[in-house]
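The lines below spell out each chain.
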Amino acid sequence: MRLRAPNSAPRLILTDVNDQPITLGGARGKRTLLCFFRDPTCPFCNFRIYQLTARHAQLASHGLEIIALFSATQADVKRFVSRNPRPFPIIADPMSEAYDAYHIEHSRWAKIKAIVTRIPTLLRGLRMVGLAGLNTNNVVPADFLVDEDGKIIEAYYGRDAGDHIPFERVELFAARATLEPRRAAA
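Residues numbered from 1 in each chain as written. Predicted model: local features only at pLDDT ≥ 70, side-chain atom pairs only at ≥ 80, totals over all residues. Heavy atoms only, no water.

Here we look at the overall build of the protein chain
For the protein chain, the helix and strand inventory stands at 6 helices and 7 strands. Its helices and strands in sequence order give the protein chain the pattern β-β-β-α-β-α-β-α-α-α-β-β-α, from N to C terminus. For 186 residues, the compact-globule estimate of 2.2 N^0.38 gives 16 Å, and the protein chain sits close to it at 16 Å. If you line up the protein chain on its principal axes, its C-alpha atoms span 55 × 35 × 30 Å. Residues counted as buried form 48% of the 186 residues belonging to the protein chain. Counting only contacts in the protein chain whose residues sit at least 6 apart along the sequence, the fraction spanning at least 24 positions is 71%. Within the structure as shown, the protein chain displays about 9100 Å² of accessible surface, and the carbon and sulfur contribution to it stands at 54%. Taking the average location of the 25 positive side-chain charges in the protein chain and that of its 19 negative ones, the two points are 5 Å from each other. (Helix = DSSP H or I, 4+ residues; strand = E, 2+ residues; numbered from the N terminus. Rg over C-alpha atoms; globule rule 2.2 N^0.38 Å. Buried < 20%, exposed > 50% of the residue type's maximum accessible area, 1.4 Å probe, protein only. Contact = heavy atoms within 4.5 Å. Areas by Shrake-Rupley, 256 points an atom, 1.4 Å probe, with all protein chains shown as cover. Lys, Arg positive; Asp, Glu negative; His and termini not counted. Charge placed at Lys NZ, Arg CZ, Asp CG, Glu CD.)

Shown next, in the form of structure tokens:
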């Protein structure tokens with residue numbers, strides 16, 4: 001069953017690819033964009049990671065933390081990160097601990113739908129990963145906006161393998177962190 005706002009985000013402690021402990025959910029004191037991806041060779045995932053990297057400085061300036069998870073082995077994700085370092089934590093979850101806790105879905109149809117309907121994104125992503133990107137798992141991406149108290153503000157379950165929360169929603173969520181303290185002080 002999908003998670004919904006304003007439920008508490010499931011609290012887990014996982015290790016990122018740099019062997020640093022990362023806490024998901026719970027009252028972390030930070031606004032977080034939690035992104036669940038398929039695997040490091042997925043062209044849609046690579047393109048979205050590229051977009052997140054390009055927007056990271058702007059989002060971080062509003063106090064938003066980005067955490068990316070891949071349904072892949074630690075070795076596969078480390079290989080990806082060594083070729084493409086990212087300014088935010090990336091976690092390998094080969095046992096699907098977080099994927100199960102956040103009720104991430106699987107669908108072969110969602111993968112096929114993305115390949116057929118998102119051709120420009122597919123081609124951009126394939127330029128990044130090559131043809132190996134067509135042999136990926138059937139995880140459907142999901143994104144969660146989690147507030148400082150560990151409450152889910154928005155749970156976005158993708159409709160296909162290339163569907164993620166629109167950046168406008170992420171930017172609004174990040175900007176609110178900057179605006180709300182001013183309102184409280186006023």
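Moving on from the model shown.
Regarding helix 4 (residues 108–117)
Those residues of helix 4 lying buried are Ala110, Lys111 and Ala114. What you see down the axis of helix 4 is that its buried residues fit within an arc of 105 degrees, all on one side. Counted as exposed and oriented over 90 degrees from the buried face of helix 4: Arg108, Trp109, Val116 and Thr117. Against helix 1 (43–61) lie the buried residues of helix 4. (Arc of directions from axis to C-beta.)

Focus on helix 5 (residues 119–129)
Along helix 5, the positions that sit buried rather than exposed are Leu122, Gly125 and Leu126. End-on view of helix 5: buried residues confined to an arc of 105 degrees, all on one side of the axis. Looking at the buried positions of helix 5, the neighbouring elements they touch are helix 1 and helix 4. Glycine 130 sits one or two residues past helix 5 and shows a positive phi near 80 degrees.

Without other data, these values stay purely geometric and don't point to any function.
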